[in-house]
Amino acid sequence: MGFEEITYSEDGPIGTLTLNRPGDGNMFTARMCHEVRDCLNAVRRETRTRVIVLTGAGEKFFCLGGRKDGMEDTLLYAGVLPTLEMYEAIDRLQKPVIASVNGYAVGGGNVLQMVCDITIAKESAIFRQVGPMMGSFDAGYGTWYLEDLVGKKRAKEMWYRNPKLSAAEALEWGLINHVVPDDELESATRKLALEIADRGALALASVKAAFNARHGGVSGLSRMAHDLLLRTYLETEEHHELSAAFAERRAPDTDKFGH
């Protein structure tokens with residue numbers, strides 16, 4: 001797809017999206033955010049992949065958050081925070097997204113792994129929110145989702161005190177799902193992704209939509225209803241009979257629907 005700041009590859013049912021700016025801590029720029037969004041929107045429209053793995057290039061950084069340089073035009077003229085578009089693309093994707101944290105997940109990078117459905121991390125990974133140390137904050141995904149994961153008191157501590165959490169501490173707090181030895185992260189991530197890929201795609205899409213609808217308000221509920229309509233009702237005998245009856249200008253045979 002001609003990306004410059006991410007890479008994307010497929011291996012069977014697994015798609016791997018890699019933040020590819022290792023020399024700058026895989027910090028996301030406006031371009032990277034838009035590339036992640038565009039990549040996931042393309043994945044949404046195909047049926048080859050069943051699980052997406054999101055990780056960072058190199059062995060030290062998952063993502064150190066956002067880089068202000070290069071974002072000014074997007075913020076001032078488009079009126080859109082590009083990180084929000086990236087988070088929303090992960091939320092909207094009907095397929096499970098696994099964050100494979102291969103190093104520091106700091107600031108927006110920690111929010112990024114929180115927005116993913118499941119997080120697996122290597123033992124040496126570090127998790128931290130640093131916004132208030134620089135006069136910044138995330139009053140959306142970074143607070144609501146964090147509270148869901150670790151509880152209100154610990155979420156406030158992460159934002160007020162900005163402690164560094166080891167992978168073991170992040171696991172204890174409920175911030176992540178799995179911790180594995182550093183040299184096993186790739187293989188453990190693949191094993192986890194293959195296990196999930198073996199589940200029913202419709203069931204996974206429906207469950208993900210239901211989880212996300214709680215914070216999505218009418219938009220989240222509408223998305224869930226729309227996806228369920230496309231994947232369930234439109235395949236039913238009831239839908240086919242009603243559609244055929246309408247096209248043929250006749251009364252539908254509703255007796256066979258059983259309700």
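Residues numbered from 1 in each chain as written. Predicted model: local features only at pLDDT ≥ 70, side-chain atom pairs only at ≥ 80, totals over all residues. Heavy atoms only, no water.

Visitor: Provide a residue-level description of unusual backbone geometry, including the pertinent values.
Guide: At asparagine 26, a residue that is not glycine, the phi angle is positive and equals roughly 55°. Summarising the element assignment, asparagine 26 is placed in the loop between strand E2 (14–19) and helix H1 (30–44). Assessed through its relative accessible area of 0%, asparagine 26 is described here as buried. Even without being a glycine, asparagine 162 presents a positive backbone phi close to 60°. With respect to the helices and strands, the residue asparagine 162 is situated in the loop between helix H6 (152–160) and strand E9 (165–166). (Helix = DSSP H or I, 4+ residues; strand = E, 2+ residues; numbered from the N terminus. Buried < 20%, exposed > 50% of the residue type's maximum accessible area, 1.4 Å probe, protein only.)

Visitor: Please set out helix H4 (residues 108–115) residue by residue, giving values where relevant.
Guide: Along an α-helix, residues three or four positions apart point the same way, because every turn accommodates 3.6 residues. Burial analysis of H4 places 8 of its 8 residues in the buried class, which makes it a mostly covered element. Restricting attention to buried positions, one finds in H4 the residues Gly108, Gly109, Asn110, Val111, Leu112, Gln113, Met114 and Val115.

Visitor: An account of the sheet that holds strand E1 (residues 6–11) is needed here, citing residue identities and associated values.
Guide: Taken together, 6 strands build an open sheet; the order of strands is E1-E2-E3-E5-E7-E10 and the sheet is mixed. Only two strands of the sheet have a single neighbouring strand rather than two, namely E1 and strand E10 (178–180). Strand after strand, the sheet turns through a mean of 20° between neighbouring axes, direction not considered. In the sheet, E2 pairs with strand E3 (residues 51–56) via 6 bridges, with the strands oriented parallel. Of the residues in E3, the one forming a bridge with threonine 18 is threonine 55. (Pairing = 2+ DSSP bridges. Axes fitted to C-alpha atoms, helices over the stretch in contact; angles between N-to-C directions.)

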